[in-house]
Every structure is written in structure tokens, then in C-alpha cells.
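Now for the letters of each chain:
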Amino acid sequence: MNISKSEITKETSLKPSRRSLPCLAQSYAYSKSLSQSTSLFQSTESESQAPTSITLISTDKAEQVNTEENKNDSVLRCSFADLSDFCLALGKDKDYTDESEHATYDRSRLINDFVIKDKSEFKTKLSKNDMNYIASSGPLFKDGKKRIDYILVYRKTNIQYDKRNTFEKNLRAEGLMLEKEPAIASPDIMFIKIHIPWDTLCKYAERLNIRMPFRKKCYYTDGRSKSMGRMQTYFRRIKNWMAQNPMVLDKSAFPDLEESDCYTGPFSRARIHHFIINNKDTFFSNATRSRIVYHMLERTKYENGISKVGIRKLINNGSYIAAFPPHEGAYKSSQPIKTHGPQNNRHLLYERWARWGMWYKHQPLDLIRLYFGEKIGLYFAWLGWYTGMLIPAAIVGLCVFFYGLFTMNNSQVSQEICKATEVFMCPLCDKNCSLQRLNDSCIYAKVTYLFDNGGTVFFAIFMAIWATVFLEFWKRRRSILTYTWDLIEWEEEEETLRPQFEAKYYKMEIVNPITGKPEPHQPSSDKVTRLLVSVSGIFFMISLVITAVFGVVVYRLVVMEQFASFKWNFIKQYWQFATSAAAVCINFIIIMLLNLAYEKIAYLLTNLEYPRTESEWENSFALKMFLFQFVNLNSSIFYIAFFLGRFVGHPGKYNKLFDRWRLEECHPSGCLIDLCLQMGVIMFLKQIWNNFMELGYPLIQNWWSRHKIKRGIHDASIPQWENDWNLQPMNLHGLMDEYLEMVLQFGFTTIFVAAFPLAPLLALLNNIIEIRLDAYKFVTQWRRPLPARATDIGIWLGILEGIGILAVITNAFVIAITSDYIPRFVYEYKYGPCANHVEPSENCLKGYVNNSLSFFDLSELGMGKSGYCRYRDYRGPPWSSKPYEFTLQYWHILAARLAFIIVFEHLVFGIKSFIAYLIPDVPKGLHDRIRREKYLVQEMMYEAELEHLQQQRRKSGQPVHHEWP
């Protein structure tokens, strides 16, 4: 039974219960909107059943009703003029399909641009209706009313038209509306525009348990907050300062996202009167509409057979060549945004986020989430949080570097090396190397001191703690975002099975213990077998990486002697540096080539496992890609840090590879300079390559596409969906490449940070560019990706925690084994001048260089020379009773190294665990608010249902109770 408007406006509301009175006092005015929504849905159902009988609502009456409502409440108004347009539209909603090859339409109705002609009007704050209009703008059907929610693209010359026809017929049967239109620039391309009507939208929103707003939130404070006057004053001052901070965005320029201030519940057509429906066009956001359409596309058959289902399979077999949601319009405008306002959300994102001039501004996360979905919004939130946390790490690392720079000339070790003009080092190769004065490595000694000084241990401990603080505070930040974006209970409600999994195991079903419904099941034996095959493939690829590193090591051994006798004096003089630099460049080329093979193999192994859900597929694929690339990127660094120069033997008895090539030794100043060179070059080159592939390559491809279009047509307006088609699609694996790049960078920043304290600074500078580069790429160079939902960053959080643990162990070994910190420490307190007594004016490291070098008799080399040369080791001299045997000092140093590793790891792990315990994942106030809102939602749903039942009883003439039971 329909309800007239006079009855709605005169309806007396019920007296709320005491339980929900504190909250309903702020949202009481929504009761009228709820009853209006009821009549709206009822009229929708009647019109869908009998399109010829449509009850129109006059605009005059609507204005009169709105005037009466404005007197009573200014919180919410329901525009009955929009409602009448809605009813008219429902009467015209036919399954319209244009089969003509050269259809014409009015180009002016493609995009509803928001333009303010009078500049003075925009000086005032934009109203909510204006901003909602911006949010709902986008390309439309030819009738100028139906919004385009998805685009399918195919070639006319493709012969698989039967599959397309069956697929499109089934889409219409599911309730979607289709409209075909040929491309302007390419006559072989055909676009299918998809619109999802209101009834279909409601049906699938209920089926997917999509949560929608139904009451305005009220925020309560407990008694404890009243006793925090000083803290509130302090935070108020900070908030006032933040308002003046140039990094903060101007919130008046962004839409007022009302859904973040409303209680939400799973959508239900039977309880539609509970929800706030001001306008059916803006009730479901563009992201939600596209998500529902994609859900239908993925589960629609195109042939008979259980596995013949889904748009992805149709794209793989060539029936369609693309499927994507359209952008809302152009990202640029000839009119300035300050005076004329944004034309659409894409334009607003470009001006306030993606432009390079906004690099110092905070990110509009709510608008990013509204346009691209929660999954991409969480990525940019995490990236911004990671970049902000890099600032203190970069400052401390820079301080450690400058400490070494300012005290470099006062270093006792560097001074002794630079003054050792009469100390000759043994040849570092067998054939073409000669004796080298120790002072020739003076520059290397000073550069090594920049990274290996008194602040190294402190910085390693600081970075281990920093990694824990970063992850723990990110968990808190994520919990706040998931609450704000209404994702607290999403995972349990909306996680669905992959179509490939359903098609593979449809014959084997078990009852889901949560839903109680039968669903396909993968047998344990089949799952274990597939996992074993996948793990075998992973180990094979890792062994391939180790083989490539071994090849680079052999290259270093072969080229070492060639560079030592090179014709160019510069290379001949610095042959060790030339060998390391050439090996680093070759290693980088091998890394990039192997990455191409890794991606394909990881994709095949992941599909072989048949993951149950999309999140499981993404996690499995991400883990494989991380393992491949982490080993590929860091294997050579591990070799230099822990194996280079450790097993070379001693002069006269060197260890050789294949009894032919002598193993490489470290420089007289140590191996740390080689490790710094390896890390710096790979990190710098990889960031440049990644930035080029992310932005430079799509820019070149898009420029070429625009160039071909301009040559083919002249003076023709290109519709938005065709412009989107000419853009590059998002990466096949979504955000996996973006996360992988940043997680590998996080590993560089933490794992070997003791050897390269400038890594956080390089990461910070790169991420400042990376944020705007990714923003520019998403807004301007890529087609609009599917607005997917997510509650966290997936498996990457566990990988980051694993990297944090590995970083503690690795830095302990770098300090103890790679650097000279432990040998200096043992000499200072056991063998140096301060071992027995301490003189205030005496340096405790005096004589350390001479003590760390062993003697060797040159006559044993057969070079026709006499005397002694020195080499880095702790062995007995030729004149001792046990020549060339390890001395007692060697064993003292080895014991001190092992003790340092144990103490360092236990100390840092203890501090990390204590900090993780002190920082809860969910703030206490947020935890209480979530519990409070769950209680209020139940109460309000109960009261709204009783109110709806009372209205029905009154209309049917039954007695009405004016008090709550």
C-alpha cells in the first residue's frame, strides 16, 4: 500500500526508549526519511511489475512538503522533485540495445560537468548537494539519464560472437542494461556500455551483504575525559597549529562524505525503510555499483558447462579485449579549479593530489577511497605512513654519517693507514699484482670510517626499534581507517569463492561451518600435492638465483687479474674498485632479466594451487614473488657481507676455486666499502628503473595512442569511455608490484642498514617522488581499476614483520663479522695501550693497524724478492714456533663476535617485544566506540522496525501503542 505525502508529514513519531535516547536525540529527524524511503521502494516495485501504471508526484506538492519539513528539521531533506524524476525514469527503463554500427547521440550529455558560471558563488563553501553532484558525475547512456557503470570492449572481426551473444543475453536476464556503440577512432572496436538498474542493484547489494548508512552517528564521551583538561588544552593547541600547517589539505575543497558519519548495516530490501535514501542515484557510490557489476560479470555463463563462466575467461580466449569501469571525466579543465570548482572527482584528485606541486601536502585518503576503492586507499595510506616514519630514520642516519664525516680526520685507524708509507701489502692476485703500499688505501680507509664508526651500533639498534614502532603504529592507523571506512565486519560478510575454484571442485561439496550452506571443497590430498609441486618450483627458482650469483663471483675472480694489468692507468691503479663496479652492474642486469621469468613462473604455480578466494590467490602470489625477488636482489649482498674474503687462506697457501682461480680478498681497509657500493648502486639503479617502468613507459604508450588517434580523425569529440580505452590498463596483478617494490625497499632500509646508514634517506627521497608518481599514474595514465575492498595490506604485513626480525639478525652479523668494530673493541680493552692502565692523553687504538696485520716472508713466493709483506689476518709470523697458525687474539676476537651477536639479538628482540606489548593494535577509545556502536545499531534497527510496524498498523486501522513495550 502506497503512502501519501500528507500522511507522511503528519505522522506522529513514537517515543524512543531510554536505552537509545542519547543517540536518537541527534538523529531523530531521520524517521520521516525512513518512511519516505518505504513508499519510494514500494512505488519502485509496483512500477517494475506494471510499467504502464505510474503514480507521478507533482513538484508543487513536493516543494510544499519540503517547506514543512524545513521548519521542523534542517538535518535531512528528501527532494520529491528528484523522486518524480526517479519514477519517470523507472517507466522508461527498457532493456535498450543499439545494434547499429554508426549510432549518433548528443555529445554534450556524456559528462555532467560541475561548473559555476558566477565566480562569486564559489567563494562560499560548497554545499553538500553540490559535492554529491560532483561525486555522481560520470558518462551516461544516450538518453542522458542512465549512468555507465562498466565498459566491455571487443573487436567486430572476432569470430567468437556466439559466446558474446550468449553472455550478453545472460547479463540482460540478470537485470543489467546494455548499449552498444562503435569507436570513433577505430571502426573495428565496439564498446558495450553497462548500466545496473535500481532493482538489480538492491538485489545484489542484499546478496553481497553490502553495508549501507541508516542513521547519523552520535559521539558520546565518558566521565574520564572531563578530568583531562590539561591534555585537551594541549591537543587543542596542536590541532589549531595543524590547521595552519601548509601540509594540511583544505577540507572545504573536498566533498562532504556523509556515509562516514552514519551507522551502517547490511542492506536488505525488506528493511529498506531503515536506510537513508536521499537520492537513488547517489545512494550507492560509483565504486559500489562497479563492484556489483563486476561480481555479476564474473559469474555469468557464456556457454553450457560448469566452467564456462566469467568475463576473465572471455578476455583470455579473445571474445572481449577489455573490461573496466569508466573514469568520471577529464582530469584537466580549461577553467581554474579555484574559481570554477572541480568538474568531477577525477579532476579534483588531479588538482589536489596527483600534481607534482602537491608533493608536500597530505593525501586526501577519503576521496581516494571513494574513487578507487578501499584497497587502493589502504595502499596509499600505508605508503604515506611509511614515508612519514622514514623522516626520523633518515635524520638519525644522516647524523651518523655526518658524525663520521666530521671525525674522519681524527680517526686513529685512518691516520695510521695514511701514514704507513713503509708498510707493503702482499699481492692480492697471483700473476699481475705487485706489492702495494698500505697508505695507497688511505681514501678507502676514510670512506669506510663514514659508515663504520662509533654510531654504527647505536644506529643498528635504533633501526630495529624503529621497524617495530613503524609496524605497531601502522596497525593502529589501519584499525582507525577500517573503522572510518566501515570495514570492521566486511571480511566475514563479503569474501566469496573464486570462479576457477568453484568450477574445479563443484562436484565435491561440504557445508560451510559459518554460513551453513554447501560450497565446493578441495580435498586435503589434492591440496598437499599441489603445494608440494609449488614449493619444488620455488626452490628450483631460488637455486637458479644462487647459480647466477655464483656466476658473478666467478666473473670477479677471472676479471680481477685482467684489470690489475689493464692498459689504462686509472683502472690499473684502482682495479679492485673497477672489478666491484663492473660486477655490480652485471649483477643488476641479471636481476632485472630474472625478474621477468619469475613473474610468469609464480603466476603458473599460484594458479596450479587453485586458491579458494581472491585474497588467498593474492597472498600466495605475493609470497612467491617476494621470495624470488628478495633472494634475487639480496643474494649478492649476502655474499659480500658474509663470504667475501672469509675463506681465502693466507699467502703461500691460498684457497682456489676449481684449483684455478684464487678467491677474492677484501681491500686492506676491509670489505665494508664493497658492501656499501653494492647496496648503493643496486638501490639507486633499481629505483630509477622502477620509476621509469611505472610512469615513463605508460607515458610513451599513451602518447603513441593519442598520436595515432589524431592521425585518424579530425575535429571529432572522443567520448570518455574511448579515452579510457586508449589509456594503459592497470598491472595484471593489481597492487602487488607497488607493494613489492616498497617492501623490498624496506628490506634495504633495515636489513643492512648498519653498513649503509644513508639508506633511509634515499628511501625517503624516493618515496616522496613515488607517492605523486603513483597518484599521477592512477589518475591520468591508467584506466580506472576495479574499486576493490580490503581490510588490511594482506600478507605484506607478515612479510614486513619477518623482515624486521631478519634485520636484527643480519645487522648483528654485519657489525660482528663484516665491520671492524669487534676487533677494535678487543684490541682496545685487551691488547692495546689501555689494556692495563688508562692514560688520559693516550689513544686506546694506537697501534691497532700494525696489530691487525700479519707478516709473510716474500722469499716463499718465488718472486725473487726478500723481506716481509703484510696481510689482514691474525696469524703467527714466519719466525714463530707455529708459523702462519691462528694466534690467541684470533680466538679472542671470534669469541667476542659470537658473544656480541647473542647479546645484541636478545637485547634488541627484548626491546622490540616490550614495545609491541605496550602499543595495542586498536586504540582503547576506538575499541570502546566499536562496541558501543554495535549496541546502538541493534537498538536502532529494533526501534526502526517497530516504528515501521506501527505505521502499518495505523494505516490498516488497528490499535497503535504509543509507548515502547
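Quantities reported herein were computed from a predicted structural model and do not represent experimental measurements.

## Things to note about the overall build of the chain
At step 1: If you tally the helices and strands in the chain, you get 35 helices and 16 strands.
At step 2: Per-residue burial for the chain yields a buried fraction of 51% across its 965 residues.
At step 3: Contacts in the chain between residues far apart in sequence, at least 24 positions, make up 77% of those at least 6 positions apart.
At step 4: As displayed, the chain has an accessible area near 46,200 Å², and 58% of this comes from carbon and sulfur atoms.

## Here we look at helix α34 (residues 888-918)
At step 1: With 31 residues, α34 ought to run about 45 Å at 1.5 Å a step, and its terminal C-alpha atoms sit 45 Å apart, in line with that.
At step 2: Looking only at α34, the buried set comprises Gln889, Ile893, Arg897, Phe900, Ile901, Phe904, Glu905, Val908, Lys912 and Ile915.
At step 3: Elements that come into contact with the buried residues of α34 comprise α20 (456-484), α31 (796-818), α32 (821-831) and α33 (848-852).

## Here's the deal with the pairing of strand β1 (residues 150-155)
At step 1: Counting buried positions along β1 gives five out of six residues, so the element sits mostly inside the fold.
At step 2: Bridge count between β1 and strand β3 (residues 189-195): six bridges; the pairing is antiparallel. Residue Val153 lies in a different strand from β3, and its bridge partner there is Phe191.
At step 3: Judged from the three bridges that link them, β1 and strand β6 (residues 322-324) form a sheet pairing that is antiparallel. Looking at the pairing, Val153 lines up with Ala322 of β6.

## Things to note about the environment of Leu370
At step 1: Its place among the elements puts Leu370 in helix α16 (residues 365-372).
At step 2: Classification of Leu370 as buried rests on a relative accessible area of 15%.
At step 3: In sequence terms Leu370 and Asn345 are 25 residues apart; their C-alpha atoms lie 9.0 Å from each other.

## As for the sheet that holds β6
At step 1: The strand order across the open sheet formed by four strands is β2-β3-β1-β6, and the pairing between neighbours is antiparallel. Edge positions in the sheet fall to β2 (177-182) and β6, since each of these pairs with one other strand and no more. Strand-to-strand twist across the sheet, computed as the mean angle between neighbouring axes with direction ignored, equals 20 degrees.
At step 2: Where β2 meets β3, six bridges bridge the pair, whose relative direction is antiparallel. Within the sheet, the bridge partner assigned to Lys180 lies in β3 and is Ile192.
At step 3: Packing of helix α8 (residues 161-174) onto the sheet brings it into contact with β1, β2 and β3, and relative to β1 it is tilted by some 165 degrees.
At step 4: Where helix α12 (residues 286-298) meets the sheet, its contacts fall on β1 and β3, and the angle it forms with β1 comes to roughly 45 degrees.

## Focus: the pattern of salt bridges
At step 1: According to the stated counting rule, one finds 26 salt bridges in the structure shown.
At step 2: Residues Arg789 and Glu374 are paired through a salt bridge, measuring 3.4 Å at the closest nitrogen-oxygen approach. Here the residue Arg789 occupies a position in the loop between α30 (759-781) and α31, and Glu374 occupies one in helix α17 (residues 374-406), the gap between them amounting to 415 residues.
At step 3: A residue is classified by how much of its surface remains accessible, and Glu374, at 4% relative accessible area, is buried.
At step 4: Note that Lys475 and Glu801 form a salt bridge whose closest N and O atoms lie 2.8 Å from each other. Taken together, the residues span a long stretch of sequence, with Lys475 in helix α20 and Glu801 in helix α31 at a distance of 326 residues.
At step 5: Using a relative accessible area of 32% as the deciding quantity, one classes Glu801 as partly exposed.
At step 6: Ionic contacts of the salt-bridge type, sharing partners, join the residues Glu179, Glu181 and Lys193 into one network.

## A short note on the nonpolar core
At step 1: Membership of the largest hydrophobic core comes to 140 residues, with the highest contact counts inside it found for Trp382, Trp466 and Trp796.
At step 2: Tallying contributions element by element places α17 first for this core, with 15 residues.
At step 3: If sequence neighbours within four positions are ignored, Trp382 has contacts with Phe470, Trp474, Tyr739, Met742, Ile793 and Leu800.
At step 4: Of all hydrophobic cores here, the second largest spans 39 residues; its members include Tyr154, Leu201, Met212 and Val293.

## Quick notes on the state of the cysteines
At step 1: Going through the model one piece at a time under the given rule, you end up with three disulfides.
At step 2: In this model Cys834 forms its disulfide with Cys844; the gap between the sulfur atoms is 2.0 Å. Here Cys834 and Cys844 share a disulfide; its torsion about the S-S bond, -90 degrees, makes the bridge left-handed. Remark: Cys844 occurs in the loop between α32 and α33 and Cys834 occurs in the loop between α32 and α33; sequence separation between them is ten residues.
At step 3: A relative accessible area of 8% means that Cys834 is categorised as buried.
At step 4: Exposure remark for Cys844: the relative accessible area of 17% places this residue in the buried category.

## Some thoughts on the UniProt feature "transmembrane region" (unreviewed entry) in the chain
At step 1: Here, UniProt's "transmembrane region" (unreviewed entry) annotation points to residues 379-406, 456-474, 531-554, 574-598, 626-648, 742-765, 793-817 and 890-919.
At step 2: Between the C-alpha atoms that bound residues 742-765 the distance is 13 Å, and the span itself is 67% helix and 0% strand.
At step 3: In this annotation, residues 793-817 is assigned 88% helix and 0% strand; the end-to-end C-alpha distance for the span is 36 Å.

## Regarding the packing of α17 against helix α29 (residues 736-750)
At step 1: Running from N to C, α17 and α29 point in directions that differ by 20 degrees, and their axes come no closer than 11 Å. Classified by the interaxial angle, the pair formed by α17 and α29 is roughly parallel. In the crossing of α17 with α29, the sense of the turn from one axis to the other is left-handed. Of the residues in α29, those touching α17 at Lys375, Leu378, Tyr379, Trp382, Leu383, Tyr386 and Leu390 are Glu738, Tyr739, Met742, Gln745, Phe746 and Thr749.
At step 2: Here the residues of the contact of α17 with α29 sort into nine nonpolar, two polar and two charged.

## A short note on the packing of aromatic side chains
The relation between two aromatic rings is expressed through the spacing of the ring centres and the mutual angle of the planes.
At step 1: A full pass over the atoms with the stated rule returns 57 aromatic pairs.
At step 2: Here Tyr821 and Phe825 contribute two aromatic rings whose centre-to-centre distance is 6.4 Å and whose plane-to-plane angle is 25 degrees, an arrangement assigned as stacked. Within this pair, Tyr821 and its partner Phe825 are both found in helix α32, separated by four residues, close to a single helical turn.
At step 3: Over the face of the ring belonging to Tyr204 we find Arg207, whose NZ or CZ atom lies 4.5 Å from the ring centre.
At step 4: If you follow Arg784 out to its NZ or CZ, it ends over the ring of Tyr371, 3.9 Å from the centre.

## Quick look at the packing of α17 against helix α19 (residues 442-451)
At step 1: Viewed as axis vectors pointing N to C, α17 and α19 meet at an angle of 145 degrees, and their least axial separation amounts to 7 Å. Pair α17 / α19 crosses with right-handed handedness. Across the interface between the two elements, Val400, Phe401, Tyr403, Gly404 and Leu405 of α17 pack against Tyr449, Leu450 and Phe451 of α19.
At step 2: Of the residues that constitute the contact of α17 with α19, the class distribution is seven nonpolar, one polar and no charged.

## With respect to the confidence of the model for the chain
At step 1: With 75% of its residues at a pLDDT of 70 or more, the chain shows a mean pLDDT of 76.
At step 2: Of the regions scoring below 50 in pLDDT, residues 1-136 engages in 226 contacts with residues more than four places distant in sequence or in other chains.
At step 3: Between residues 220-228, whose pLDDT stays under 50, and residues either more than four places distant or in other chains, the model counts five contacts.

## Focus on helix α35 (residues 924-955)
At step 1: Between its first and last C-alpha, α35 extends 47 Å over 32 residues, near the 46 Å set by a 1.5 Å rise per residue.
At step 2: Looking one or two residues beyond α35, the residue adopting positive phi is Gly957, at roughly 80 degrees.

## Some remarks on unusual backbone geometry
At step 1: Positive phi, close to 55 degrees, is recorded for Asn209, a residue that is not glycine.
At step 2: Mapped onto the elements of the fold, Asn209 is located in the loop between α9 (198-207) and β4 (211-216).
At step 3: When its relative accessible area of 29% is taken as the criterion, Asn209 is described as partly exposed.
At step 4: With a phi close to 65 degrees, Tyr884 is a non-glycine residue in the positive phi region.
At step 5: Take Tyr884: it is sitting in the loop between β16 (868-872) and α34.
At step 6: The class for Tyr884 is buried, based on a relative accessible area of 11%.

## With respect to the side chain of Ser414
At step 1: Its location among the elements puts Ser414 in helix α18 (residues 412-419).
At step 2: Non-local contacts of Ser414, meaning those with residues more than four positions away in its chain, are made with Met408, Ala445, Lys446 and Tyr449.

Conventions adopted
- Residues numbered from 1 in each chain as written.
- Predicted model: local features only at pLDDT ≥ 70, side-chain atom pairs only at ≥ 80, totals over all residues.
- Heavy atoms only, no water.
- Helix = DSSP H or I, 4+ residues; strand = E, 2+ residues; numbered from the N terminus.
- Buried < 20%, exposed > 50% of the residue type's maximum accessible area, 1.4 Å probe, protein only.
- Contact = heavy atoms within 4.5 Å.
- Areas by Shrake-Rupley, 256 points an atom, 1.4 Å probe, with all protein chains shown as cover.
- Expected span 1.5 Å × (residues − 1).
- Pairing = 2+ DSSP bridges.
- Axes fitted to C-alpha atoms, helices over the stretch in contact; angles between N-to-C directions.
- Salt bridge = Lys/Arg side-chain N within 4 Å of Asp/Glu carboxyl O.
- Core = buried A, V, L, I, M, F, W, Y, C linked by side-chain atoms within 4.5 Å.
- Disulfide = S-S within 2.5 Å.
- UniProt positions renumbered as here; feature names shortened; annotations may be inferred.
- Parallel < 35°, antiparallel > 145°, perpendicular 65-115°, else oblique.
- Left-handed = near helix turned anticlockwise from the far one by under 90°.
- Nonpolar A, V, L, I, M, F, W, Y, C, P; charged D, E, K, R; others polar.
- Phe/Tyr/Trp six-rings, centres within 6.5 Å; stacked < 30°, edge-to-face > 60°.
- Lys NZ or Arg CZ within 6 Å of the ring centre and 35° of its normal.
- pLDDT = per-residue confidence, 0-100.

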